[in-house]
Protein chains: 2
Amino acid sequence: MQISHLDLESLDKLEKRTRAHLVNSLSGFKSANLVGTKSKTGETNLSIISSAFHLGADPALMGFIIRPDISPRHTLENIRENSYLTLNHINSNIVDQAHQTSARYPREISEFTACELQEEYLGDFPAPYVREASIKMGLQMVSERLLVENNTIFVIAKILHIYFPKDCWDESGPLDIVKAKTVSVSGLDTYHEGLKIKRLSYAKQDQKLSEI
Amino acid sequence: MQISHLDLESLDKLEKRTRAHLVNSLSGFKSANLVGTKSKTGETNLSIISSAFHLGADPALMGFIIRPDISPRHTLENIRENSYLTLNHINSNIVDQAHQTSARYPREISEFTACELQEEYLGDFPAPYVREASIKMGLQMVSERLLVENNTIFVIAKILHIYFPKDCWDESGPLDIVKAKTVSVSGLDTYHEGLKIKRLSYAKQDQKLSEI
């Protein structure tokens with residue numbers, strides 16, 4: 001098998017878009033979520049993010065990165081005005097609509113309307129969920145930090161509400177996100193379903209792993 | 001379809017391990033990488049992380065979270081001593097060995113030996129790569145921040161070297177991480193292959209998406 005090697009110098013020489021494609025695929029499969037927000041004047045916004053990650057279970061926190069000069073800047077404006085937001089798993093039925101939210105729409109156009117996804121309000125939660133998503137969360141922003149390393153904003157948000165199909169959880173283990181048809185993204189534009197290989201037991205020194 | 005709803009109060013009431021399984025699966029599919037490091041006295045360490053994420057392409061930066069009280073604390077000690085580290089995609093051939101690195105080994109035992117993965121040194125890079133991984137990177141730590149929200153450490157590292165199978169890249173788009181058999185993880189212990197759905201064109205307002 002032939003192996004390619006790129007060092008920092010050859011990476012820096014790549015055309016900008018090529019480097020973006022390549023470097024965006026280096027972390028592996030990325031989560032694919034839609035962030036739903038609302039401005040203080042009631043305009044809704046929906047944007048795709050592939051940077052949402054698990055930060056901790058107790059308290060239940062999520063982290064994500066916003067690039068203020070590019071895409072979800074309306075998201076950032078909205079959560080600064082009104083600290084609530086939703087995260088909605090992209091599933092295989094709504095890949096095209098979800099990807100389309102990455103187009104640059106003016107703030108007065110809601111991506112919900114433009115991309116044909118439905119706003120859903122659950123309980124008295126003040127941010128819009130995506131009706132077509134089967135796994136969704138309502139969150140509140142806890143903090144934001146400017147990362148001086150590349151002028152991005154690192155947002156931490158606390159999970160307040162979780163919704164998921166009852167048959168995707170056995171009340172003890174992880175959610176069955178394969179059954180929920182959650183997708184992942186690689187690079188900037190490639191979407192994948194998951195195919196379960198196995199679930200493994202808790203690892204201990206000198207003990208053989210078993211499948212659960 | 002029956003929908004389950006958990007609010008913060010019901011989430012807080014869950015047994016600790018159950019909550020960890022559930023909340024860890026909420027972000028969606030997570031990247032699955034092995035971090036290779038070496039202490040200043042030459043002891044190597046290898047640990048699995050599911051929190052590595054793309055932070056930016058220019059400069060090429062990766063972020064990840066370390067929980068200093070639990071698992072990859074030797075990783076953190078090593079990169080504080082010697083700022084270099086490697087990130088190695090877990091592929092479907094080495095899922096068991098990779099998962100086993102999450103057991104608590106004393107610092108003098110290398111997970112490379114204990115978990116039957118081979119150290120590989122490429123060029124003069126001072127941290128060990130995983131020979132069995134087909135996509136791997138050499139990085140240098142740029143910064144670390146304590147996140148007071150949950151006492152975790154957020155590490156930013158700069159990509160210095162990238163290695164991948166030549167037939168996984170067309171020199172313009174993303175790496176074909178499906179061909180490379182890269183896996184993802186959901187929750188704490190469930191591993192998945194990716195099944196490509198489609199690659200979509202750059203999204204623009206008032207322009208129909210097409211498959212690439």
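Conventions used here
Residues numbered from 1 in each chain as written. Chains lettered and ligands numbered in written order. Predicted model: local features only at pLDDT ≥ 70, side-chain atom pairs only at ≥ 80, totals over all residues. Heavy atoms only, no water. Contact = heavy atoms within 4.5 Å. Buried area = accessible area lost by both parts, 1.4 Å probe. Salt bridge = Lys/Arg side-chain N within 4 Å of Asp/Glu carboxyl O. Polar contact = N/O pair within 3.5 Å; in protein donor to acceptor, adjacent residues only side chain to side chain. Helix = DSSP H or I, 4+ residues; strand = E, 2+ residues; numbered from the N terminus. Nonpolar A, V, L, I, M, F, W, Y, C, P; charged D, E, K, R; others polar. Pairing = 2+ DSSP bridges. Least-squares fit on C-alpha atoms with pLDDT ≥ 70 in both. Core = buried A, V, L, I, M, F, W, Y, C linked by side-chain atoms within 4.5 Å. Buried < 20%, exposed > 50% of the residue type's maximum accessible area, 1.4 Å probe, protein only.

Asks: So what's going on with the interface of chain A and chain B? Residues and values would help.
Replies: Between chain A and chain B, the residue contacts involve 106 residues of the former and 106 residues of the latter. Across the chain A to chain B interface the summed buried area is about 9,300 Å²; carbon plus sulfur atoms make up 63%. Its largest share of buried area at the contact with chain B, chain A owes to Leu 26, Phe 29 and Glu 149 of chain A, together 8% of the area lost on that side. Linking chain A with chain B are eight salt bridges, by the criterion used here. Between Arg 145 of chain A and Glu 149 of chain B there is a salt bridge, with the nearest N and O atoms lying 2.9 Å from each other. Summed over the shared surface of chain A and chain B, the result is 48 residue pairs in polar contact (both at pLDDT 80 or more). The greatest single-element share of the side of chain A that touches chain B, amounting to 11 residues, is contributed by strand E11 (residues 152–165) of chain A. Class assignment for the residues of the side of chain A that touches chain B results in 52 nonpolar, 35 polar and 19 charged.

Asks: Describe the sheet that holds strand E2 (residues 30–31) of chain B, naming the residues involved and giving the relevant values.
Replies: Spatially, E2(A)-E12(A)-E13(A)-E13(B)-E12(B)-E2(B) is the arrangement adopted by the six strands of the open sheet, whose pairing is antiparallel. The outermost strands of the open sheet, each flanked by one partner alone, are strand E2 (30–31) of chain A together with E2 of chain B. As paired elements, E2 of chain B and strand E12 (residues 184–186) of chain B share two bridges and run antiparallel to each other. Within E12 of chain B, the position partnered with Lys 30 of chain B by the bridge is Val 185 of chain B.

Asks: How would you sum up the relation of the copies chain A and chain B? Please name residues and give values.
Replies: Superposing chain A onto chain B takes a rotation of 180 degrees plus a shift of 0.0 Å along the axis, which leaves an RMSD of 0.0 Å. Those values place the two copies in the arrangement expected of a two-fold rotation axis. Closest to the rotation axis within chain A is the C-alpha of Gly 194 of chain A, separated from it by 2.4 Å. Both copies contact each other with a shared surface, as 100% of the interface residues of chain A are interface residues in chain B too.

Asks: Any details on the nonpolar core? Residues and values, ideally.
Replies: Membership of the largest hydrophobic core comes to 35 residues, with the highest contact counts inside it found for Leu 11 and Leu 22 of chain A together with Ile 159 of chain B. The set of elements that each furnish at least two residues to this core consists of helix H2 (16–24) of chain A together with strand E6 (60–66), helix H3 (73–81), strand E7 (84–89), strand E10 (136–147) and strand E11 (152–165) of chain B. Examining the composition of this core, we find that six residues originate from one element, E11 of chain B, more than from any other. If sequence neighbours within four positions are ignored, Leu 22 of chain A has contacts with Leu 6, Leu 11 and Leu 14 of chain A together with Ile 162, Phe 164, Trp 169, Gly 173 and Leu 175 of chain B. Ala 60 and Ile 153 of chain A together with Leu 22 and Leu 26 of chain B belong to the second-largest nonpolar core, a separate cluster that totals 34 residues.

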